[in-house]
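# Structural description and commentary
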Amino acid sequence: MCRSKLYIYIYSSFQKLPKKQRVKMKRNSINVHHVTSFPSSPFWCVFFLVLLCKTTTNALVKLPPNETIPAIIVFGDSIVDAGNNDDIMTTLARCNYPPYGIDFDGGIPTGRFSNGKVATDFIAEKFGIKPTIPAYRNPNLKPDDLLTGVTFASGGAGYVPFTTQLSGGIALSQQLKLFEQYIEKLKEMVGEERTTFIIKNSLFMVICGSNDITNTYFALPSVQHQYDVASFTTLMADNARSFAQKLHEYGARRIQVFGAPPLGCVPSQRTLAGGPTRNCVVRFNDATKLYNAKLAANLESLSRTLGEKTIIYVDIYDSLFDIILDPQQYVTGFKVVDRGCCGTGLIEVTVLCNNFAADVCQNRDEYVFWDSFHPTEKTYRIMATKYIERYV
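Residues numbered from 1 in each chain as written. Predicted model: local features only at pLDDT ≥ 70, side-chain atom pairs only at ≥ 80, totals over all residues. Heavy atoms only, no water.

## Some words on the overall build of the protein
Broken down by element type, the protein carries 14 helices and six strands. Relative to its full complement of 392 residues, the protein shows a buried share of 55%. Here the contacts in the protein between residues at least 6 apart in sequence split such that 71% fall between residues at least 24 apart. Summing over all exposed atoms, the protein offers an accessible surface of approximately 17,300 Å²; the carbon and sulfur share of this is 54%. (Helix = DSSP H or I, 4+ residues; strand = E, 2+ residues; numbered from the N terminus. Buried < 20%, exposed > 50% of the residue type's maximum accessible area, 1.4 Å probe, protein only. Contact = heavy atoms within 4.5 Å. Areas by Shrake-Rupley, 256 points an atom, 1.4 Å probe, with all protein chains shown as cover.)

This is how it looks when you write it as structure tokens:
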């Protein structure tokens, strides 16, 4: 847990140094793109975590007295998609069929990539806004849902445009177009002044990046020929910063951009690249931590440029990694951390996880992962609780 936080601090601190000092450090072979080799003794870990805490204590969603969040508005990928891909027949990144949604209200598949609710649903519930965040493209969306928040997220989306092209999902640029439609609908409902208030005071959550690393960079040799890990993660982090800045230009003032989880430990990546014993793939996790460090630094820099703490980085790497490393720490502990509940749990995701070809485990609460890529509802609930404890 310490090392991922150390990544963020070292990279952020390095970026703040004067250019001459950075050049000198590089000449002396101190390479921030390979910080996994940095000393990791308990002293260094504690030292840098103390410094890190001093720089991030204000990165919270603290609300003024008697003020509430009117809505939660979500962008991103399958982690927070609630059915926006359901009617897109040209993509395999959809799951509006059983056994997805087996534990959702009524056992109905909604397009959520889980057996039940996802993390943003629990966060909305904990804020007292509503039980779930619906998909904006849901044909049964109610007008009142617009007032309290929707998700524009799409399975398969990424910060790198090519990632979404591969999946056939809804690109982040198109998600912004849908958001513009949403704003116009709000104006028709409540007027321009109230719409401005809702946008300014709502919590914007952006959760993306996993597909860029797993489905684009490490899955395609052609991409690896064009980029090394350092340049590709820089591209991702720069695009994420640009997206956050665009949300700010629309009037958003509470923007949270989430890092990527430990992708080397998800079941499908263990199967594809973890060797015969299906260990966590270290190089995948290292790439993820490097991206997270750059993202955190970019967002901090953007907030300074804007002159207000309106855009913050949210870590989910440690939240999920802690569960995987110590699954018994919870009252009802997990028993399976390296396989999904659906099918063999080794590779089944989306179309391979279906009622015709894949059995479902009997006790979903024993599994960290629902399919070979996405967590179970129980895992999402725990991660949402960790988020509330740390960032609210």
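## Observations concerning the pattern of salt bridges
By the definition in use, this model includes 13 salt bridges. Measuring nitrogen to oxygen at the nearest pair gives 3.6 Å for the salt bridge that ties arginine 304 to glutamate 300. Of this pair, arginine 304 and glutamate 300 both sit in helix H12 (residues 282–306), four residues apart, which is roughly one turn of the helix. One salt bridge connects arginine 390 with aspartate 315, and the closest N-O pair in it is separated by 3.5 Å. Of the two residues, arginine 390 sits in helix H14 (residues 377–391) while aspartate 315 sits in the loop between strand E4 (311–314) and helix H13 (317–325), which places them 75 residues apart along the sequence. With relative accessibility at 39%, the residue arginine 390 sits in the partly exposed group. (Salt bridge = Lys/Arg side-chain N within 4 Å of Asp/Glu carboxyl O.)

## Some remarks on the packing of helix H10 (residues 229–249) against H12
Viewed as axis vectors pointing N to C, H10 and H12 meet at an angle of 35 degrees, and their least axial separation amounts to 9 Å. Judged by the sense of rotation from one axis to the other, the crossing of H10 with H12 is right-handed. Note on element contacts: H12 touches H10 through Ala287, Leu290, Tyr291, Lys294, Leu295, Asn298, Leu299, Ser301, Leu302, Thr305 and Leu306, opposite Val229, Ala230, Thr233, Thr234, Met236, Ala237, Asp238, Ala240, Arg241, Ala244, Gln245 and His248. Among the residues forming the contact of H10 with H12, the class breakdown is 13 nonpolar, seven polar and three charged. (Axes fitted to C-alpha atoms, helices over the stretch in contact; angles between N-to-C directions. Left-handed = near helix turned anticlockwise from the far one by under 90°. Nonpolar A, V, L, I, M, F, W, Y, C, P; charged D, E, K, R; others polar.)

## Topic: the environment of glycine 116
Counting through the fold element by element, glycine 116 comes out in the loop between strand E1 (72–76) and helix H4 (119–126). Considering only alpha carbons, one finds glycine 116 and glycine 101, 15 residues apart in sequence, at a separation of 4.9 Å. Apart from the residues within four sequence positions on either side, glycine 116 is in contact with Asp103, Phe104 and Glu377.

## A closer look at the sheet that holds E1
Spatial strand order, E1-E2-E3-E4: four strands in an open sheet with parallel pairing. The open sheet is flanked by E1 and E4, the only strands paired with a single partner. Each strand of the sheet is rotated relative to its neighbour by a mean of 20 degrees, with strand direction disregarded. Pairing between strand E2 (residues 203–207) and strand E3 (residues 255–258): four bridges, direction parallel. Bridging across to E3, phenylalanine 204 finds its partner in isoleucine 255. Relative to E3, H10 is tilted by about 165 degrees, and along the sheet it contacts E1, E2, E3 and E4. Strands in contact with H12 are E3 and E4; relative to E4, the strand with the most contacts, it is inclined by about 165 degrees. (Pairing = 2+ DSSP bridges.)

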